[in-house]
There are 2 protein chains.
Amino acid sequence: MSDVATSAQPPRDFEALRTAILERRQDLPKRLTQVAAYALDNPDEIAFGTAASIAMSANVQPSTLVRFAQHFGFDGFSGLQLLFRTRLRERNSSYEDRLRQLEQGGAALTESASLLHGFIGAAHRSLDTIAGAVEAERFERAVSILAGAETIYLIAKRRSYPISSYMAYAFGKLKVRFQLVGTSAGIDDDMLAMATPQDAAFAISFSPYASESARQARIMAARDVPVVSLTDSAFSPLAECSREWFEVVEADHAGFRSLSASMALAMALTVAIAETRRRK
Amino acid sequence: MSDVATSAQPPRDFEALRTAILERRQDLPKRLTQVAAYALDNPDEIAFGTAASIAMSANVQPSTLVRFAQHFGFDGFSGLQLLFRTRLRERNSSYEDRLRQLEQGGAALTESASLLHGFIGAAHRSLDTIAGAVEAERFERAVSILAGAETIYLIAKRRSYPISSYMAYAFGKLKVRFQLVGTSAGIDDDMLAMATPQDAAFAISFSPYASESARQARIMAARDVPVVSLTDSAFSPLAECSREWFEVVEADHAGFRSLSASMALAMALTVAIAETRRRK
DNA sequence: ATCGATCTGGAATATTTGTTCCACGTTGAC
DNA sequence: GTCAACGTGGAACAAATATTCCAGATCGAT
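Just so you know, these numbers come straight off a predicted model, no measurement behind them.

**Student:** Help me understand the sheet that holds strand β3 (residues 200-205) of chain B, please; the structure alone is not making it clear to me.
**Tutor:** Pairing between sheet strands relies on hydrogen bonds along the backbone, with the strands arranged either parallel or antiparallel. Residues and elements named next belong to chain B. The parallel open sheet is built from five strands, whose spatial order is β2-β1-β3-β4-β5. The open sheet has two edge strands with one neighbour each: β2 (178-181) and β5 (244-247). Averaged over all pairs of adjacent strands, the angle between strand axes in this sheet comes to 15°, irrespective of strand direction.

**Student:** Looking at this model, I keep getting lost on the protein's contact with DNA strand D. Mind explaining?
**Tutor:** Around DNA strand D there are 17 residues in total, and A51(A), Q70(A), F77(A), R31(B) and Q61(B) lie nearest to it. Each atom of DNA strand D within 4 Å of the protein belongs either to a base or to sugar and phosphate, the latter forming 75%. The contact in question runs from a phosphate oxygen of DNA strand D to an N or O atom on the backbone of K30(B), over 3.4 Å. At 2.4 Å from a phosphate oxygen of DNA strand D is found a side-chain nitrogen or oxygen belonging to Q61(B). With four residues, helix α5 (residues 62-71) of chain A is the largest single contributor of residues to the surface near DNA strand D.

**Student:** Help me understand the relation of the copies chain A and chain B in this model?
**Tutor:** Expressed as a screw transformation, the operator carrying chain A onto chain B has a rotation angle of 178° and an axial translation of 1.7 Å, and the superposed copies differ by an RMSD of 2.6 Å. What the superposition gives is, in effect, a two-fold axis relating one chain to the other. Nearest to the rotation axis, the C-alpha of P162(A) is located 1.7 Å from it, this being the minimum over chain A. Most of the interface of chain A is mirrored in chain B: 96% of its interface residues are interface residues there too.

**Student:** I'm lost on the packing of helix α14 (residues 260-279) of chain A against helix α8 (residues 111-133) of chain B in this one. Help?
**Tutor:** The packing of two helices is summarised by the inter-axis angle and the distance between the axes. Look at α14(A) against α8(B): their axes get within 9 Å of each other, and the N-to-C directions meet at 140°. Compared by their axis directions, α14(A) and α8(B) come out oblique. Between α14(A) and α8(B) lies a crossing of right-handed hand. The segment α14(A) lies against α8(B), with A264(A), L265(A), M267(A), A268(A), V271(A), A272(A) and R279(A) engaging E111(B), L115(B), L116(B), F119(B) and I120(B). Here the residues of the contact of α14(A) with α8(B) are counted per class, giving ten nonpolar, no polar and two charged.

**Student:** Looking at this structure, how should I read the environment of I219(A)?
**Tutor:** Residue and element names in this part refer to chain A. One can find I219 in helix α12 (residues 211-222). Looking at I219, the relative accessible area reads 28%, which means it is partly exposed. Separated by 22 residues in sequence, I219 and C241 have C-alpha atoms that sit 9.3 Å apart.

**Student:** What am I meant to see in the packing of aromatic side chains here?
**Tutor:** Aromatic ring pairs are reported here in terms of the distance separating the ring centres and the angle at which the planes meet. Under the criterion given, the structure shown has twelve aromatic pairs over all chains. Above the ring of F14(A), the side-chain terminus of R87(A) is found at 4.5 Å from the ring centroid.

**Student:** How should the protein's contact with DNA strand C be read in this particular structure?
**Tutor:** Around DNA strand C, 17 residues are found, and the nearest of them are R31(A), Q61(A), A51(B), F77(B) and S78(B). Residue F77(B) places a main-chain N or O atom 2.7 Å away from a phosphate oxygen belonging to DNA strand C. When contributions to the surface near DNA strand C are tallied by element, the ones reaching two or more residues are α2 (30-41) and α5 of chain A together with α4 (51-58), α5 (62-71) and α6 (77-92) of chain B.

**Student:** What am I meant to see in the pairing of β2(B) here?
**Tutor:** In the case of a regular strand, side chains alternate between the two sheet surfaces. All names here are of chain B. The pairing of strand β1 (residues 152-156) with β2 spans four bridges and is classified as parallel. Bridge pairing links I155 to V181 in β2. Note that the unit made of β1, helix α10 (residues 161-174) and β2 has a crossover that is right-handed.

**Student:** So what exactly am I meant to see when it comes to the interface of chain A and chain B here?
**Tutor:** Often, the extent of an interface is quoted as the loss of accessible area on bringing the components together. If you look at the interface, chain A gives 55 residues, while chain B gives 55 residues. A buried area of about 5,200 Å², summed over both sides, lies between chain A and chain B, and 66% of it is on carbon and sulfur atoms. For the pair chain A and chain B, the number of links is seven residue pairs in polar contact (both at pLDDT 80 or more). Of all the secondary-structure elements, those providing two or more residues to the side of chain A that touches chain B are α3 (43-48), α6 (77-92), α7 (95-105), α8 (111-133), α9 (136-147), α10 (161-174), β7 (256-257) and α14 of chain A.

**Student:** Mind showing me how you'd approach the nonpolar core here?
**Tutor:** Of all hydrophobic cores here, the largest spans 102 residues; its most connected members are F202(A) and F202(B). Here F202(B) is in contact with L146(B), I152(B), Y153(B), L154(B), I155(B), M167(B), V228(B), S229(B), L230(B) and L269(B), once residues within four sequence places are set aside. One finds F77(A), L17(B), L28(B) and A69(B) within the second-largest nonpolar core, a separate group that totals 56 residues.

**Student:** Looking at this structure, how should I read unusual backbone geometry?
**Tutor:** Glycine aside, the phi torsion of most residues is negative, and most peptide linkages are trans. Cis peptide bonds are those with omega within 30 degrees of zero, and the linkage from S207(A) to P208(A) qualifies with -5°. Note that P208(A) resides in the loop between β3 (200-205) and α12. Unusually for a residue other than glycine, R158(A) sits at a positive phi of about 50°. Relative to the assigned elements, R158(A) resides in the loop between β1 (152-156) and α10. The exposure class of R158(A) is partly exposed, given its relative accessible area of 43%. Positioned with a positive phi, A254(B) is a non-glycine residue whose angle comes to about 55°.

Rules used throughout
Residues numbered from 1 in each chain as written. Chains lettered and ligands numbered in written order. Predicted model: local features only at pLDDT ≥ 70, side-chain atom pairs only at ≥ 80, totals over all residues. Heavy atoms only, no water. Pairing = 2+ DSSP bridges. Helix = DSSP H or I, 4+ residues; strand = E, 2+ residues; numbered from the N terminus. Axes fitted to C-alpha atoms, helices over the stretch in contact; angles between N-to-C directions. Near = heavy atom within 4 Å. Polar contact = N/O pair within 3.5 Å; in protein donor to acceptor, adjacent residues only side chain to side chain. Least-squares fit on C-alpha atoms with pLDDT ≥ 70 in both. Contact = heavy atoms within 4.5 Å. Parallel < 35°, antiparallel > 145°, perpendicular 65-115°, else oblique. Left-handed = near helix turned anticlockwise from the far one by under 90°. Nonpolar A, V, L, I, M, F, W, Y, C, P; charged D, E, K, R; others polar. Buried < 20%, exposed > 50% of the residue type's maximum accessible area, 1.4 Å probe, protein only. Phe/Tyr/Trp six-rings, centres within 6.5 Å; stacked < 30°, edge-to-face > 60°. Lys NZ or Arg CZ within 6 Å of the ring centre and 35° of its normal. Right-handed = clockwise from strand over helix to strand, strands pointing away. Buried area = accessible area lost by both parts, 1.4 Å probe. Core = buried A, V, L, I, M, F, W, Y, C linked by side-chain atoms within 4.5 Å.

What follows is the structure, encoded as structure tokens:
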């Protein structure tokens, strides 16, 4: 009586459904495969649409949707749709909303925990900002400048230093020649003196700008070494002496600015440079 | 004939509706005020629910919802609901979805741009993971261990080093005594030899673990210096010699793991430690 | 090629859901 | 206190939406 092809119990949450679909995708009939693909590609559509509208844009019959749902153990299409909706509800909430949910759920957040969540929130916001702020062309130009360099000089102090030290680590693994400027005291200027126009510099500095970084970037620029920089304002001293520069404004929490956006940009730059070189 | 109380044309998007509601909230009849409050407080409910279910949880009649919608120029409840839904769609979209929107919107993403977005996505995911993964009690214990230390020894190599270098920067600004272990070659062990049980160590290491970091953490532990660590697995060599440890699994893109979650945790720890000390 | 099993499309049906309508309350002006 | 205007609840209605059903198509095994 019971159909063996249909799982007895429906997946409890969206992730479970997703894996179930992926697992059984192979041995699903043609139209159901079609629905499966559509569902995973357009989850929002399924959450909001009506059976009829979804069926139309997935090029199937409404009944096929019902069959699809039943194949995965639901009563009907509505049961399946519910999963897509609750997923949306949970996902949707902004970081602040999610925090509020956390607070309501468990005991009230301790001060420390709210600190952590504050920094996480700031990082999220930073990342959101940068996603739209970096133009692809600009990025490409920066990559091509740096990929063409024999040696890349990394200039960063204080708060920016962790970023350059990450780049140094990654460049090392990717076999890209670099010099980390500013680690050991004193020899920086000697190091910079070796740079030629065939090299390039990547300078990072955020307000309040370390005067040392700006000075070093200017030295490089004066010697015709192309400079690419990452800073937080068009009025930054770095902007004026750079062939190409990125403006990244990090969100802050408790007076401490995030580094996430800068870090993501730095990682992307690093990998893109290595990738470009590998091709040549 | 035409009712002056209802605006002729309905708000075009959610924000417009929101302001409209806020503006007219004062001179709205009792039940409609009730709906207005409910709508702004539970936008998700309105987006997903049916008129009946919403009416019930807002303690009004379904017809009131319709009247409410009509007061703001909509044909009926459905028109109003649409605004709540599209808002959700736009807000909700996951990072991947947003990327897809970006792709569709502008020209196709260049390879470099998609790299950047990939890293941004990985960072977002990492942050999402850590938000739920760090228990408040554990965090508190770690803070109290480190806040009680005279000097905090920061142990990190390679990929973890940017994190410790950020902490070093922040500790410096916050006037917390620390020693960054692992910068200059050779003298590390001598530095560690000066540590006493009144100090503490914070070690960071991710797979593949730098054997040096593990060794140094063990040395500290053997000398009864409390060790707090940040690592990515319960089987990490750091876990076994730590008084307290955090497991943070970073998402990756193109084989490069994010640092955002670790960085956020590190920042929170740092500030919490300074804050705790300030109180004493 | 034939048969059986399974899949598919589309119309018919049942259910849910939004909307309308009207009698009853409530409020405020005179 | 009366009246008019407006607000409210709830039931009746209409529209939409999901589901069921079945005849015909498709596919695979023999």
